[in-house]
Amino acid sequence: MRQERFVERHQAEWRDFELWLEKRSVSARDARRHRREWTGIADDELPARHRRLCQQLALARRRGYSAVVTDRLQQLMQRGHSVLYRTKPVHWRRAVEFLLAGFPRLVRAEARCMLAAALLFVVPLVTIFVAIQIKPDLAAGLFDAQSLANFEQMYDPAGKGDLGRTNEDDLQMFAHYIGNNVGIGFQTFASGLLAGLGTVFVLIFNGIMIGGVAGHLQAVGHGDPFWRFVAGHSAPELTAIVISGGAGLRLGLSLIAPGQRRRIDSLIHGGRRGAKICIGVFAMLVFAAFVEAFWSSISSVPAPIKYAVGAVLWLLVFAWLLRGGRNAIHRDDEDAA
């Protein structure tokens, strides 16, 4: 085909493609606002038009058409590629949508791993707590004498300071709690790379430690200040640790039981899902640190109010994880994988 006939045959679609790039690709917000007024190429037709343009460019080069034609097609192809494959900007609405809907869906998709993690964490916690009530000396086998004395001092019913707090201010403790909580969450997830055994150990260990502290304080008569302190932030914090554990167990299963995928592909897939879950876990732990720093340590708030706030937070956390995103459109392809 002669160059003149080739250009004449495809000139109109090149102009339509160029017009779309000029009018629709600059601002997604403006494109959505004026979508009903637009009469050119439909947005969902652009990928097919771009593929056709690439074919025409290859054909023009093979036939030795002039640089005027090939350069124009090259520029259009590159501009179209930049629009089709550009990274979507992180938008606060997408972040909120993920936290409210996408994250709960990911957690529910790994329900078995989450249940296993909950048992590995809660059973040792409850067991050691009950055991110390029966035999208080067991606490001395878990903690040294100085640590036990520090626990008792922080939650002394006769103390006049803030609950669970030394002399640090709220902002300093907020930063400390974030570092401590996020560190535990990341360790729980990342240790799943050890075929899941690392996550199992971390969950059991943390369950024993938390149950040991609670059991000892309850046994020596310091239970009321302790429960008033943990009532507020326990829901997001403990739930986040369990979810981190579930993500770590899934990571371990991806390594030892890849299914029909190659082991490396299974590990990458599990790692991506786990990383997305950890984003939600991070948000939960930051919120827990905020509550712990600015609410939990206030000793002047009556116990009924502390317990009521704690109960509301537990209900909200469970409602969010169980119901969040059930009526939303799945935008993450991996959710269905």
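The structure this text deals with has already been given above.
Bear in mind the structure is a predicted one, so any value in this text is a computation, not a measurement.

*Asks:* Please clarify how the layout of surface pockets should be interpreted in this entry.
*Replies:* Sizing a probe to match a water molecule and rolling it over the atoms shows the empty space that remains. By volume, the second largest pocket amounts to about 890 Å³. Lining of the second largest pocket is provided by 30 residues; of these, Y155, I210, V213, E237 and E292 occupy positions nearest its centre. When contributions to the lining of the second largest pocket are tallied by element, the ones reaching two or more residues are α6 (111-134), α8 (145-154), α9 (170-190), α10 (197-219) and α11 (223-256). Ranked by residues supplied to the lining of the second largest pocket, first place goes to α11 with nine residues. The class makeup of the residues in the lining of the second largest pocket is 19 nonpolar, eight polar and three charged.

*Asks:* What's the story with the nonpolar core in this structure? I'm lost.
*Replies:* For soluble globular proteins, the rule of thumb is that nonpolar side chains tend to be buried together. If you look at the biggest cluster of nonpolar residues, it comprises 19 residues, and the most contacted ones within it are F151, Y177, V213, L217, F226 and F229. Residue assignment for this core shows that the elements contributing at least two residues are α6, α8, α9, α10, α11 and α12 (263-296).

*Asks:* I tried to follow the packing of aromatic side chains on my own but got confused; where do I start?
*Replies:* Note on aromatic pairs: each is described by the distance of the centres and the angle between the planes. Scanning all chains against the criterion turns up 14 aromatic pairs. Seen from their ring centres, F174 and F290 are 6.0 Å apart, and the 85° between their planes marks the pair as edge-to-face. Note that F174 is positioned in helix α9 and F290 in helix α12, a separation of 116 residues in sequence. Each member of the aromatic cluster is reached from another via a ring pair, and the members are F129, Y155, F226, W227 and F229. Against the face of W295 rests K306, its NZ or CZ located 5.7 Å from the ring centre.

*Asks:* In this structure, what is going on with the packing of α11 against α12? I would like to understand it.
*Replies:* Helix-helix packing is described using two parameters, namely the angle between the two axes and the distance between the axes. In contact at an axis separation of 8 Å, α11 and α12 are set at 170° when each is read in the N-to-C sense. What the angle tells us is that α11 and α12 run roughly antiparallel. Partitioned by chemical class, the residues of the contact of α11 with α12 number 17 nonpolar, ten polar and four charged.

Calculation notes
- Residues numbered from 1 in each chain as written.
- Predicted model: local features only at pLDDT ≥ 70, side-chain atom pairs only at ≥ 80, totals over all residues.
- Heavy atoms only, no water.
- 1 Å grid on protein atoms, 1.4 Å probe; cavity = no way out; pocket = protein on both sides within 12 Å on 5 of 7 lines; lining within 4 Å.
- Points joined across faces, edges and corners; volume = space filled by probe spheres on them.
- Helix = DSSP H or I, 4+ residues; strand = E, 2+ residues; numbered from the N terminus.
- Nonpolar A, V, L, I, M, F, W, Y, C, P; charged D, E, K, R; others polar.
- Core = buried A, V, L, I, M, F, W, Y, C linked by side-chain atoms within 4.5 Å.
- Buried < 20%, exposed > 50% of the residue type's maximum accessible area, 1.4 Å probe, protein only.
- Phe/Tyr/Trp six-rings, centres within 6.5 Å; stacked < 30°, edge-to-face > 60°.
- Lys NZ or Arg CZ within 6 Å of the ring centre and 35° of its normal.
- Axes fitted to C-alpha atoms, helices over the stretch in contact; angles between N-to-C directions.
- Parallel < 35°, antiparallel > 145°, perpendicular 65-115°, else oblique.

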